[in-house]
Every structure is written in structure tokens, then in C-alpha cells.
Amino acid sequence: MKKTEPIIAVHGGAGTPNKNELNKEKESAYLNDLQTALLKGYEILQSGGIAEDAVVEAVKVLEDSPLFNAGRGSVFNSEGQHEMDACFASGENRKTGAIAGITRVRNPIVLARLVAEKTPHVFLSGPGAQKFAEISGVELMPDEWFFSTHRFQQWQDARKLEEIWLDHGEKKFGTVGAVARDKLGRLAAATSTGGMTNKRFGRVGDTPIFGTGTFADNKLCAISCTGHGEYFIRYVVAHQVASAMQYGRLNLQEAAWNVLNGILLEDGGEGGLIAIGPQGDPVLAFNCAGMFRAWVDTQNNFHASIF
């Protein structure tokens, strides 16, 4: 493989609250955690580590933050539990692992990677996925680890209105994710989420579905999506972007913007994605008010932004 400049990007959800509703202290907290995750992954890449390790370690930082709807910060479902989904994708032969509907797992992205590396399967869900978690050696935490007054109040408010919310009432889609390219040009993506506040019936969104919320192929791109999962599933967003590159001969930037602002937005789907190709800078695209994001470019410049 030809050597390339390693780069990485992370996101903490799209569809941000109104800028006037996000005070400076809260904004700084979000940006600090995003930058911490970015640096964690970038240090791995700079030391010669692989893209797969970089995206997993970056996402673990965001899963451990109570600010984002993944891992520790996951929202409550209708039963007052935290049901989490995640997907790990390697650009090497599209090696993929995903889990859905698990509880008590500190870092769901670690479990998703184990599905790819330790089983012959791609996607585990529900009780089976939970059993796999219990025998796989991943770190399990008590329910108290995932509790926050903020998330609990969101759930109570949603219950009173008998509504299901995308993360919470501030129109923020709280998925977290990372994409990376290592020094040998290998690509990887990782995405993790706690789903919707007050969700019912074991609802699963786009995050753990390869080609929908997460995608990686060394010849094309690595993608992690965030948004209204039902729309991203219907339009197979990540694969649409990759296909626009492969068959439509668009570059990554054009493909991402065309899908997000074309068929998806036309049907009312909001959200965004981060993506990396075999060459060039990462693409961070969204069709809503903003996206919690941080990235390093090919010139080793670090960036972090919300709006």
C-alpha cells in the first residue's frame, strides 16, 4: 500500500439546538470532549497504529462522556432502560460487526468489534447480543453508571407528551462516530448510539446497519452517519454515497452533499455524516442546523465546530 497522511474525524450528533440555547460553558464542554476523542485517535495513527484501533478508541471517549447519546450518556427507552446499538466497519474486505438492543455495556463499540473479529456473524441483537457481551469479557457497568438527571428529565417530559424524541426536545440527533485513514491508507468507521428517548418495541435505527449508518471500503470511503435513522435506513445513505462515487464518478464531497441535500432532504430526512476517502481531507456534511464535529486535515490542522 502507498503511504498516506493519517487523518481522522469524529462527530457527536447532528441537528444542534438553536445557538442561543447553547451557552458558552456547555459549548466548551462539548468541544472539549470531541477534541479529546479526536486526539486519542490521532495519536494512534501518528504512532503507526491502524485505522481500526483509532476509530474504536475515539468512539470510546465519546461513549464515556455523559454529554452524548451513546454509552454512558444514552437516553432512556419507554421501559426506563438504556438500549444501545453500535457498528464497527473495517475497509479491509468490509469486515463488519454490529450489535443492537444491548444494556450495561460500558463501550458498545468494543462489543461490535468483537462481533467482527470473534464470530462468523455481522449483526447480533437483543438477548443473544447481551449473552455474547456477558461471555466476551467486555466491561459491564451497573445501571447507575448510565443514569443522569438530565436524561431522566428528558424521558419524563417525553412520557408526559406520549412522544418519542430524537435524543431530546432540542432537535439533536445524539449518535457518535469516527472515521479514520491510517498511514497505509486503510480506512475504518465506528458509530454508536443510545437511540431515541422513550423508544418502544425494540426500535433500531440506522447506526448498526452496515451501508446505512456506517460503511467502510478501502477503495471508496469510510462513513459514519447521524440523523433521523428511519430516513437514513430508507435511503441507505452511507451506501448511496459510496455508490455515487463508484458508479456516478463523483468525489466524496459531491457524493455526500448530493445524497444529504437531494433524496434525503426532499423526503424530510435531517442529519449529517463524516467521511474519509483514500486521499484528501475528511468530509463533514449535514443538512440541518449543525453537527457536533472535530477533525484533523492533511496539513495536521485541528478543527472543532458545532454550527
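In what follows, the structure referred to is the one given above.
The model shown is predicted, which means the values in this text are computed figures rather than measured ones. Here, residues in each chain are numbered from 1, in the same order as that chain's written sequence. Residues qualify for local features only when their pLDDT is at least 70, as the model is predicted, and side-chain atom pairs are given and counted only at 80 or more; totals for whole chains, interfaces and linings, by contrast, use all residues. Hydrogens and water molecules were not included; the side-chain quantities draw on all heavy atoms of the structure.

Undergrad: Would you take a moment to explain the overall build of the chain for this structure?
TA: Of regular secondary structure, the chain possesses nine helices and twelve strands. Its C-alpha atoms give the chain a radius of gyration of 17 Å, within 12% of the compact-globule value 19 Å for 307 residues. Once the C-alpha set of the chain is aligned to its principal axes, its extents read approximately 55 × 45 × 35 Å. Taking contacts inside the chain between residues at least 6 apart in sequence as the whole, the part at least 24 apart equals 69%. Of the roughly 12500 Å² that the chain leaves accessible, carbon and sulfur atoms contribute 49%. In this description a helix means any DSSP run of H or I spanning at least four residues, a strand means any run of E spanning at least two, and both kinds are numbered starting from the N terminus. Using C-alpha atoms as the atom set, the radius of gyration is obtained and then compared with a globule rule of 2.2 Å times the number of residues to the power 0.38. Whether two residues are in contact is decided by their heavy atoms, any of which lying within 4.5 Å being enough. Note on areas: these come from Shrake-Rupley sampling with a 1.4 Å probe, and a residue is covered only by the protein chains present in the view.

Undergrad: Just to check I follow, could you spell out the environment of A9 for this structure?
TA: Within the secondary structure layout, A9 lies in strand β1 (residues 7-14). Put simply, A9 and G41 are 32 residues apart on the chain and 8.9 Å apart in space, counted from C-alpha to C-alpha. If near-sequence neighbours (up to four positions away) are discounted, A9 is found in contact with L38, G177, A178, V179, I274, I276, P282, L284, A294 and W295.

Undergrad: Before we go on, may I ask you to explain the packing of aromatic side chains in this structure?
TA: Where two aromatic rings form a pair, the distance of their centres and the angle of their planes describe that pair. What counts as a ring pair is set by centres within 6.5 Å for rings of Phe, Tyr and Trp (its six-membered ring), and what kind of pair is set by the plane angle: stacked under 30 degrees, edge-to-face over 60, tilted for all other angles. Tallied over the full model, the rule gives five aromatic pairs. Ring geometry for Y42 versus F302: centroids 5.1 Å apart, planes at 90°, classification edge-to-face. Of this pair, Y42 sits in helix α1 (residues 24-46) while F302 sits in strand β12 (residues 302-305), placing them 260 residues apart in sequence. Exposure remark for Y42: the relative accessible area of 7% places this residue in the buried category. Among the aromatic side chains, those forming a connected cluster through ring pairs are Y30, F68 and F292. Working rule: Lys NZ or Arg CZ, within 6 Å of ring centre, within 35 degrees of ring normal, means a charge sits over the ring. In this arrangement the basic side chain of R72 is found over the ring face of W145, its NZ or CZ atom lying 3.8 Å from the centre. One residue, R234, lies across the ring of Y231, its end atom 5.1 Å from the ring centre. The rule is simple: take the accessible area with a 1.4 Å probe, protein chains only, and divide by the maximum for that residue type; under 20% is buried, over 50% is exposed, in between is partly exposed.

Undergrad: Even after reading the chapter, I still don't get the packing of helix α3 (residues 108-118) against helix α4 (residues 126-136), so can you show me in this structure?
TA: Two packed helices can be described by the angle between their axes and the distance between those axes. At a closest axis distance of 11 Å, the pairing of α3 and α4 adopts a crossing angle of 90°. Accordingly, the angle class assigned to the pair α3 and α4 is roughly perpendicular. Each of L111, L114 and V115 in α3 lies in contact with α4, whose residues at this interface are A129, F132, A133 and S136. In the scheme used here, Gly and all other residues not listed as nonpolar or charged are polar, with Ala, Val, Leu, Ile, Met, Phe, Trp, Tyr, Cys and Pro taken as nonpolar and Asp, Glu, Lys and Arg as charged. In terms of residue class, the contact of α3 with α4 is built from six nonpolar, one polar and no charged. Axes here refer to lines fitted to C-alpha atoms; in helices the fit is confined to the stretch in contact. Angles between the N-to-C directions go from 0 to 180 degrees. Any angle from 65 to 115 degrees is called roughly perpendicular, while one under 35 is roughly parallel, one over 145 is roughly antiparallel, and all others are oblique.

Undergrad: What is the right way to read the sheet that holds strand β7 (residues 214-217) from this model?
TA: In sheet architecture, strand pairing relies on hydrogen bonds along the backbone and comes in two forms, parallel and antiparallel. Taken together, four strands build an open sheet; the order of strands is β7-β8-β9-β10 and the sheet is antiparallel. Both outer strands of the open sheet, β7 and β10 (283-286), are each paired with one neighbouring strand and no more. On average, each strand axis in the sheet is inclined to that of its neighbour by 10°, with strand direction left out of account. Pairing between two strands requires that DSSP report at least two bridges joining them. In this sheet, strand β8 (residues 221-227) lies alongside β7 in antiparallel orientation, the contact comprising four bridges. Within the sheet, the bridge partner assigned to F215 lies in β8 and is I223. In this fold helix α8 (residues 237-246) packs onto β7, β8 and β9 (271-276), with an angle of close to 145° to the strand it touches most, β8.

Undergrad: Hey, could you run me through the pairing of β1 in this one?
TA: Within a regular beta strand, the side chains point alternately toward one face of the sheet and then the other, so they alternate between its two faces. A large share of β1 lies buried, amounting to eight of its eight residues. Here five bridges tie β1 to strand β5 (residues 176-181), and the two strands are oriented antiparallel to one another. Paired with A9 across the bridge in β5 is V179. In terms of strand pairing, β1 meets strand β11 (residues 291-296) through five bridges, oriented antiparallel.

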